[in-house]
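A look at the structure
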Amino acid sequence: MEKLIITAAICGAEVMKEQNPAVPYTVEEIVREAKSAYDAGAAVVHVHVREDDGTPTQSRERFKVCLDAIRKECPDVILIPSTGGAVGMTAEERLQPTELYPEMATLDCGTCNFGDEVFENTMPMMRAFGKRMIENNIKPEYECFEMGHLDTIVRMAAKGEVPGAPMQFNFVLGVPGCTPATVENLVWMVKNIPAGSTWTATGIGRNAFTLAAPAIVMGGHVRVGFEDNLYISKGVLAKSNGELVEKVVRLAKELGREIATPEEARRILGLKK
Ligand code: KMH
Ligand code: ZN
(Lines give C-alpha, C1' and ligand atoms only; values in the text may rest on other atoms or scores of the structure.)
(Ligands and ions follow the chains in the order given, each with its own letter.)
Protein backbone atom coordinates (compact mmCIF):
# COMPACT_ATOMS: atom_id res chain seq x y z
CA MET A 1 0.00 0.00 0.00
CA GLU A 2 1.22 3.53 -0.79
CA LYS A 3 2.08 5.86 2.08
CA LEU A 4 -0.74 8.02 3.46
CA ILE A 5 -1.16 11.56 2.15
CA ILE A 6 -2.65 13.84 4.78
CA THR A 7 -4.34 17.03 3.59
CA ALA A 8 -5.11 19.87 5.96
CA ALA A 9 -8.09 22.06 5.06
CA ILE A 10 -7.00 24.83 7.36
CA CYS A 11 -9.80 27.36 7.22
CA GLY A 12 -12.59 26.89 4.67
CA ALA A 13 -15.07 29.64 3.94
CA GLU A 14 -17.76 29.02 6.53
CA VAL A 15 -16.28 28.50 9.99
CA MET A 16 -15.58 31.53 12.18
CA LYS A 17 -13.55 32.43 15.27
CA GLU A 18 -16.79 32.52 17.27
CA GLN A 19 -16.90 28.73 16.79
CA ASN A 20 -13.20 28.15 17.40
CA PRO A 21 -10.81 31.07 18.10
CA ALA A 22 -7.98 29.28 16.26
CA VAL A 23 -9.75 29.60 12.86
CA PRO A 24 -7.34 31.69 10.76
CA TYR A 25 -8.30 34.90 8.90
CA THR A 26 -5.17 37.04 8.48
CA VAL A 27 -2.17 36.08 6.34
CA GLU A 28 -0.12 35.48 9.49
CA GLU A 29 -2.80 33.25 10.98
CA ILE A 30 -3.21 31.29 7.74
CA VAL A 31 0.57 30.69 7.62
CA ARG A 32 0.57 29.68 11.31
CA GLU A 33 -2.14 27.08 10.71
CA ALA A 34 -0.57 25.76 7.49
CA LYS A 35 2.79 25.38 9.24
CA SER A 36 1.25 23.61 12.25
CA ALA A 37 -0.34 21.08 9.89
CA TYR A 38 2.82 20.70 7.77
CA ASP A 39 5.02 20.21 10.85
CA ALA A 40 2.58 17.55 12.09
CA GLY A 41 2.77 15.57 8.83
CA ALA A 42 0.43 17.12 6.26
CA ALA A 43 1.89 16.94 2.74
CA VAL A 44 -0.98 18.94 1.27
CA VAL A 45 -2.76 22.10 2.39
CA HIS A 46 -6.18 22.97 0.93
CA VAL A 47 -6.36 26.75 0.96
CA HIS A 48 -9.27 29.18 1.27
CA VAL A 49 -8.50 32.80 2.11
CA ARG A 50 -10.28 35.48 4.13
CA GLU A 51 -10.22 39.20 4.58
CA ASP A 52 -8.75 40.24 7.93
CA ASP A 53 -12.29 40.38 9.39
CA GLY A 54 -12.97 36.78 8.35
CA THR A 55 -15.05 37.48 5.21
CA PRO A 56 -14.34 34.74 2.64
CA THR A 57 -12.78 36.01 -0.59
CA GLN A 58 -11.48 34.45 -3.82
CA SER A 59 -9.30 37.51 -4.58
CA ARG A 60 -6.39 36.54 -6.78
CA GLU A 61 -4.16 39.05 -4.91
CA ARG A 62 -5.10 37.69 -1.49
CA PHE A 63 -4.45 34.14 -2.70
CA LYS A 64 -1.05 35.16 -4.10
CA VAL A 65 0.02 36.75 -0.83
CA CYS A 66 -1.17 33.76 1.22
CA LEU A 67 0.23 31.03 -1.07
CA ASP A 68 3.63 32.78 -1.27
CA ALA A 69 3.70 33.24 2.50
CA ILE A 70 2.84 29.58 3.14
CA ARG A 71 5.54 28.44 0.69
CA LYS A 72 8.15 30.47 2.60
CA GLU A 73 7.44 28.46 5.78
CA CYS A 74 6.59 25.12 4.15
CA PRO A 75 8.74 25.14 1.00
CA ASP A 76 7.79 21.81 -0.59
CA VAL A 77 4.15 21.55 0.55
CA ILE A 78 1.49 20.86 -2.11
CA LEU A 79 -1.02 23.70 -2.12
CA ILE A 80 -4.56 23.13 -3.38
CA PRO A 81 -6.38 26.45 -3.59
CA SER A 82 -10.16 26.29 -3.58
CA THR A 83 -12.26 27.11 -6.62
CA GLY A 84 -15.34 26.38 -4.52
CA GLY A 85 -15.03 29.57 -2.52
CA ALA A 86 -18.17 30.30 -0.54
CA VAL A 87 -21.81 29.61 -1.41
CA GLY A 88 -23.19 32.38 -3.63
CA MET A 89 -19.95 33.43 -5.35
CA THR A 90 -19.93 33.61 -9.17
CA ALA A 91 -17.87 31.24 -11.31
CA GLU A 92 -15.57 34.07 -12.42
CA GLU A 93 -14.97 35.08 -8.82
CA ARG A 94 -14.24 31.49 -7.83
CA LEU A 95 -11.81 30.87 -10.70
CA GLN A 96 -9.36 33.63 -9.70
CA PRO A 97 -6.77 31.39 -7.97
CA THR A 98 -6.37 29.40 -11.23
CA GLU A 99 -4.74 32.54 -12.71
CA LEU A 100 -1.79 31.84 -10.38
CA TYR A 101 -1.08 28.46 -12.08
CA PRO A 102 -1.12 26.29 -8.92
CA GLU A 103 -0.11 22.65 -9.48
CA MET A 104 -3.55 21.59 -8.18
CA ALA A 105 -6.91 23.20 -7.41
CA THR A 106 -10.28 21.86 -6.30
CA LEU A 107 -13.03 21.29 -8.85
CA ASP A 108 -16.48 20.75 -7.36
CA CYS A 109 -18.47 18.10 -9.15
CA GLY A 110 -22.10 19.19 -8.96
CA THR A 111 -24.80 21.27 -7.35
CA CYS A 112 -25.94 20.19 -3.90
CA ASN A 113 -27.70 21.30 -0.76
CA PHE A 114 -25.22 22.73 1.72
CA GLY A 115 -27.06 23.01 5.03
CA ASP A 116 -29.80 25.57 4.40
CA GLU A 117 -28.06 26.83 1.25
CA VAL A 118 -27.45 25.57 -2.27
CA PHE A 119 -23.87 25.15 -3.52
CA GLU A 120 -24.18 25.76 -7.24
CA ASN A 121 -22.00 23.87 -9.72
CA THR A 122 -23.98 23.60 -12.96
CA MET A 123 -22.74 21.63 -15.96
CA PRO A 124 -21.73 24.82 -17.84
CA MET A 125 -19.84 26.03 -14.75
CA MET A 126 -18.01 22.72 -14.45
CA ARG A 127 -17.12 22.80 -18.17
CA ALA A 128 -15.65 26.28 -17.68
CA PHE A 129 -13.65 25.14 -14.64
CA GLY A 130 -12.43 22.04 -16.52
CA LYS A 131 -11.41 24.09 -19.55
CA ARG A 132 -9.46 26.53 -17.36
CA MET A 133 -7.63 23.70 -15.61
CA ILE A 134 -6.75 22.00 -18.91
CA GLU A 135 -5.47 25.33 -20.33
CA ASN A 136 -3.49 26.24 -17.19
CA ASN A 137 -2.14 22.70 -16.66
CA ILE A 138 -3.70 22.38 -13.21
CA LYS A 139 -4.50 18.94 -11.78
CA PRO A 140 -7.98 19.05 -10.24
CA GLU A 141 -8.87 17.53 -6.95
CA TYR A 142 -12.42 16.43 -7.78
CA GLU A 143 -14.62 17.19 -4.79
CA CYS A 144 -17.63 14.85 -4.65
CA PHE A 145 -20.25 15.65 -2.00
CA GLU A 146 -22.81 13.30 -3.53
CA MET A 147 -22.70 9.91 -5.23
CA GLY A 148 -24.07 11.49 -8.43
CA HIS A 149 -21.15 13.93 -8.49
CA LEU A 150 -18.77 11.03 -9.06
CA ASP A 151 -20.78 9.69 -12.00
CA THR A 152 -21.01 13.19 -13.51
CA ILE A 153 -17.32 13.98 -13.38
CA VAL A 154 -16.20 10.57 -14.66
CA ARG A 155 -18.48 11.07 -17.70
CA MET A 156 -17.13 14.60 -18.23
CA ALA A 157 -13.54 13.33 -18.08
CA ALA A 158 -14.36 10.63 -20.66
CA LYS A 159 -15.58 13.41 -23.00
CA GLY A 160 -12.44 15.48 -22.42
CA GLU A 161 -14.38 18.30 -20.76
CA VAL A 162 -12.25 18.16 -17.62
CA PRO A 163 -8.71 16.76 -17.06
CA GLY A 164 -8.59 12.95 -17.18
CA ALA A 165 -6.42 10.14 -15.84
CA PRO A 166 -4.93 9.88 -13.34
CA MET A 167 -7.82 11.53 -11.47
CA GLN A 168 -7.66 12.56 -7.80
CA PHE A 169 -10.99 12.47 -5.95
CA ASN A 170 -11.91 13.90 -2.59
CA PHE A 171 -15.05 12.31 -1.15
CA VAL A 172 -16.44 14.93 1.19
CA LEU A 173 -19.08 13.01 3.10
CA GLY A 174 -21.42 14.19 5.82
CA VAL A 175 -22.28 17.73 4.65
CA PRO A 176 -25.87 18.30 5.84
CA GLY A 177 -28.06 17.58 2.80
CA CYS A 178 -25.46 15.48 0.96
CA THR A 179 -24.28 11.85 1.03
CA PRO A 180 -23.75 10.73 4.66
CA ALA A 181 -20.29 9.80 5.96
CA THR A 182 -20.78 6.05 6.30
CA VAL A 183 -18.26 3.34 5.52
CA GLU A 184 -20.81 1.81 3.13
CA ASN A 185 -21.02 5.05 1.12
CA LEU A 186 -17.23 5.43 1.07
CA VAL A 187 -16.87 1.89 -0.26
CA TRP A 188 -19.44 2.66 -3.01
CA MET A 189 -17.48 5.74 -4.05
CA VAL A 190 -14.15 3.91 -4.14
CA LYS A 191 -15.64 1.04 -6.15
CA ASN A 192 -16.79 3.49 -8.83
CA ILE A 193 -13.60 5.45 -9.59
CA PRO A 194 -11.65 4.76 -12.77
CA ALA A 195 -8.68 2.39 -12.44
CA GLY A 196 -5.47 4.22 -11.60
CA SER A 197 -7.23 7.03 -9.70
CA THR A 198 -6.25 8.21 -6.23
CA TRP A 199 -8.71 9.26 -3.56
CA THR A 200 -9.03 11.07 -0.27
CA ALA A 201 -11.79 10.83 2.34
CA THR A 202 -13.08 13.85 4.23
CA GLY A 203 -15.60 13.26 7.01
CA ILE A 204 -17.50 16.34 8.10
CA GLY A 205 -17.96 17.21 11.79
CA ARG A 206 -18.10 14.24 14.14
CA ASN A 207 -17.33 11.95 11.18
CA ALA A 208 -13.82 13.38 10.65
CA PHE A 209 -11.96 10.52 12.32
CA THR A 210 -14.53 7.75 11.85
CA LEU A 211 -14.10 8.19 8.08
CA ALA A 212 -10.32 8.67 8.34
CA ALA A 213 -9.83 5.22 9.89
CA PRO A 214 -11.47 3.21 7.04
CA ALA A 215 -9.71 5.38 4.45
CA ILE A 216 -6.36 4.55 6.05
CA VAL A 217 -7.15 0.83 6.00
CA MET A 218 -8.57 0.89 2.44
CA GLY A 219 -5.49 2.53 0.93
CA GLY A 220 -7.01 5.98 0.43
CA HIS A 221 -5.79 9.28 1.78
CA VAL A 222 -7.22 11.56 4.47
CA ARG A 223 -8.24 15.21 4.82
CA VAL A 224 -8.87 16.90 8.15
CA GLY A 225 -8.88 20.54 9.25
CA PHE A 226 -11.02 23.38 10.55
CA GLU A 227 -12.89 23.58 7.23
CA ASP A 228 -14.40 20.19 8.06
CA ASN A 229 -14.30 19.84 11.82
CA LEU A 230 -13.42 22.10 14.77
CA TYR A 231 -13.09 19.45 17.48
CA ILE A 232 -10.27 17.12 18.48
CA SER A 233 -12.71 14.92 20.44
CA LYS A 234 -16.32 15.17 21.58
CA GLY A 235 -16.90 18.68 23.00
CA VAL A 236 -13.17 19.60 22.96
CA LEU A 237 -12.10 22.27 20.46
CA ALA A 238 -8.90 21.59 18.53
CA LYS A 239 -6.14 24.07 19.36
CA SER A 240 -4.74 24.01 15.83
CA ASN A 241 -4.93 22.22 12.50
CA GLY A 242 -1.69 20.56 13.55
CA GLU A 243 -3.47 18.88 16.44
CA LEU A 244 -6.03 17.39 14.02
CA VAL A 245 -3.24 16.16 11.71
CA GLU A 246 -1.36 14.64 14.67
CA LYS A 247 -4.43 12.55 15.49
CA VAL A 248 -4.50 11.15 11.93
CA VAL A 249 -0.77 10.40 12.18
CA ARG A 250 -1.42 8.47 15.42
CA LEU A 251 -4.27 6.50 13.82
CA ALA A 252 -2.09 5.68 10.80
CA LYS A 253 0.78 4.51 13.02
CA GLU A 254 -1.55 2.25 15.01
CA LEU A 255 -2.91 0.82 11.75
CA GLY A 256 0.56 0.33 10.23
CA ARG A 257 0.44 2.95 7.48
CA GLU A 258 3.38 5.28 6.91
CA ILE A 259 2.95 9.00 6.22
CA ALA A 260 3.92 10.46 2.82
CA THR A 261 6.25 13.44 2.55
CA PRO A 262 5.30 16.15 0.03
CA GLU A 263 7.80 14.65 -2.44
CA GLU A 264 6.25 11.19 -2.03
CA ALA A 265 2.78 12.69 -2.31
CA ARG A 266 3.71 14.35 -5.64
CA ARG A 267 4.75 10.97 -7.01
CA ILE A 268 1.59 9.25 -5.73
CA LEU A 269 -0.61 11.98 -7.23
CA GLY A 270 1.29 12.00 -10.54
CA LEU A 271 2.39 15.63 -10.23
CA LYS A 272 5.32 16.71 -12.33
CA LYS A 273 6.99 19.36 -10.14
N1 KMH B 1 -17.06 26.34 0.81
C2 KMH B 1 -17.86 25.34 0.18
C3 KMH B 1 -19.18 25.90 -0.25
C4 KMH B 1 -13.92 23.70 -2.43
O5 KMH B 1 -13.07 24.17 -1.71
O6 KMH B 1 -13.71 23.46 -3.62
C7 KMH B 1 -17.18 24.71 -0.97
C8 KMH B 1 -15.82 24.23 -0.81
C9 KMH B 1 -15.32 23.40 -1.93
O10 KMH B 1 -15.12 24.48 0.14
ZN1 ZN C 1 -12.73 23.94 0.45
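Residues numbered from 1 in each chain as written. Chains lettered and ligands numbered in written order. Predicted model: local features only at pLDDT ≥ 70, side-chain atom pairs only at ≥ 80, totals over all residues. Heavy atoms only, no water.

**A short note on the pairing of strand S10 (residues 168–173)**
The side chains of a regular strand alternate, first on one face of the sheet and then on the other. To keep it simple, the criterion reads: Exposed residues in this analysis have more than 50% of their type's maximum accessible area, buried residues have under 20%, and partly exposed residues fall in between, with area computed by a 1.4 Å probe over protein chains only. Working definition: helices are DSSP H or I runs of at least four residues, strands are E runs of at least two. Numbering for both runs from the N terminus. Pairing between two strands is assigned when DSSP locates at least 2 bridges connecting them. If the strands point away from the viewer and the path from the first strand over the helix to the second runs clockwise, then the crossover is right-handed.
Of all 6 residues in S10, 6 are buried; the element is thus mostly enclosed. Where burial is concerned, the two faces of S10 agree: the one with Gln168, Asn170 and Val172 and the one with Phe169, Phe171 and Leu173 are both buried. When strand S9 (residues 139–144) meets S10, the two strands line up parallel, connected through 4 bridges. Residue pairing across strands places Glu143 opposite Asn170, the latter belonging to S10. Handedness of the S9-helix H5 (residues 147–158)-S10 crossover: right-handed. Taken together, S10, helix H6 (residues 183–191) and strand S11 (residues 198–203) constitute a β-α-β crossover, and its handedness is right-handed.

**Re the coordination of the zinc ion (ligand 2)**
To be explicit about the condition: Note that water is not among the atoms considered, so a metal site may appear incomplete; the donors listed are N, O and S atoms within 2.8 Å of the metal, with 3.2 Å applied to Na, K and Ca.
Bound to the zinc ion (ligand 2) on the protein side are His46 (NE2), His48 (NE2) and Glu227 (OE), at distances that span 2.1 Å. Counting along the primary sequence, the residues that act as donors to the zinc ion (ligand 2) give the motif H-x1-H-x178-E. In this pair, His48 sits in the loop between strand S2 (44–47) and strand S3 (49–50) while Glu227 sits in the loop between strand S12 (221–224) and strand S13 (231–233), placing the two residues 179 residues apart along the sequence. For the pair His48 and Glu227, one class covers both residues: buried.

**Considerations on the packing of aromatic side chains**
Cut-off, in case you're wondering: Side-chain rings of Phe, Tyr and Trp, where Trp is taken by its six-membered ring, are said to pair if the distance between their centres is within 6.5 Å; with planes under 30 degrees apart they count as stacked, over 60 as edge-to-face, and otherwise as tilted. Placement of a charge over a ring requires the Lys NZ or Arg CZ to be within 6 Å of the ring centre, with the centre-to-atom vector within 35 degrees of the ring normal.
Using the criterion set out here, one finds 6 aromatic pairs in the structure. Ring centres of Phe114 and Phe119 lie 5.7 Å apart, and the angle between their planes is 65°; this geometry places the pair in the edge-to-face category. Between Phe119 and Phe145, the ring centres sit 5.9 Å apart and the planes meet at 85°, which makes this aromatic pair edge-to-face. Of this pair, Phe119 sits in strand S8 (residues 117–119) while Phe145 is found in the loop between S9 and H5, placing the two residues 26 residues apart along the sequence. Each of the two residues, Phe119 as well as Phe145, counts as buried. An aromatic cluster is defined as three or more aromatic residues linked by ring pairs; in this entry it consists of Tyr142, Phe169, Phe171 and Trp199. Sitting over the face of the ring of Tyr25, Lys17 holds its NZ or CZ atom 4.6 Å from the ring centroid.

**Some details on the site of ligand 1**
How we decide: Near residues are defined by distance, with any heavy atom within 4 Å of the molecule or strand qualifying the residue. Polar contact is the term for a pair of N or O atoms within 3.5 Å; when the atoms are in protein, one must be able to donate a hydrogen and the other to accept it, and sequence-neighboring residues count only if both atoms are side-chain atoms. Here the accessible surface of atoms and residues is derived via Shrake-Rupley with a 1.4 Å probe, and residues count as covered only by protein chains that are part of the display. For this classification, Asp, Glu, Lys and Arg are treated as charged, while Ala, Val, Leu, Ile, Met, Phe, Trp, Tyr, Cys and Pro are nonpolar and the rest, including Gly, are polar.
Close contacts around ligand 1 come from 13 residues, with Glu14, Ser82, Gly85, Thr106 and Asp108 the closest. The contact in question runs from an oxygen atom of ligand 1 to an N or O atom on the side chain of Thr106, over 2.7 Å. Within the contact set of ligand 1, an oxygen atom lies 2.7 Å away from a side-chain nitrogen or oxygen of Asp108. Across the complex, the protein chains shield 99% of the 300 Å² of accessible surface that ligand 1 would expose by itself. Taken together, the residues of the shell around ligand 1 break down into 3 nonpolar, 6 polar and 4 charged.

**Section: the environment of Leu67**
We count it as follows: The criterion used for residue contact is that any of the two residues' heavy atoms lie within 4.5 Å.
When you line up the elements, Leu67 lands in helix H2 (residues 60–73). A residue is classified by how much of its surface remains accessible, and Leu67, at 3% relative accessible area, is buried. A sequence separation of 186 residues divides Leu67 from Lys253, and the C-alpha atoms of the two residues are 30 Å apart. Beyond its immediate stretch of four places on either side in the chain, Leu67 contacts Val47, Leu79, Pro81 and Leu100.

**Some thoughts on the sheet that holds S10**
Rules: All axes are obtained by fitting lines to C-alpha atoms, using only the stretch in contact for helices, and the reported angles, taken between N-to-C directions, cover 0 to 180 degrees.
Spatially, 8 strands are ordered S5-S2-S1-S12-S11-S10-S9-S6 in an open sheet, and the strand pairing comes out parallel. Both outer strands of the open sheet, strand S5 (78–81) and strand S6 (104–108), are each paired with one neighbouring strand and no more. Between one strand and the next, the sheet's axes are offset by a mean angle of 25°, whatever the strand orientation. With 4 bridges joining them, S2 and S5 adopt parallel strand pairing. Bridge assignment links Val45 to a residue of S5, and that residue is Leu79.

**Some points on the packing of helix H1 (residues 27–40) against H2**
We count it as follows: Angles are sorted into four bins: roughly parallel if under 35 degrees, roughly antiparallel if over 145, roughly perpendicular if 65 to 115, and oblique for all others. By convention, the crossing between two helices is left-handed when the near helix turns anticlockwise from the far helix through less than a right angle, and right-handed when the turn is clockwise.
Packing of H1 against H2 brings their axes to within 9 Å, and their N-to-C directions diverge by 40°. Relative to H2, H1 is oriented oblique. When you trace H1 past H2, the crossing you get is right-handed. The segment H1 lies against H2, with Val27, Ile30, Val31, Ala34, Lys35 and Tyr38 engaging Arg62, Val65, Cys66, Ala69, Ile70 and Glu73. Of the residues that constitute the contact of H1 with H2, the class distribution is 9 nonpolar, no polar and 3 charged.

**Let's talk about the environment of Ala208**
Inspection of the secondary structure puts Ala208 in helix H7 (residues 208–218). On the basis of relative accessibility, which here comes to 4%, the residue Ala208 falls in the buried class. With sequence-adjacent residues up to four places away left out, Ala208 is seen in contact with Gly203 and Asn229.

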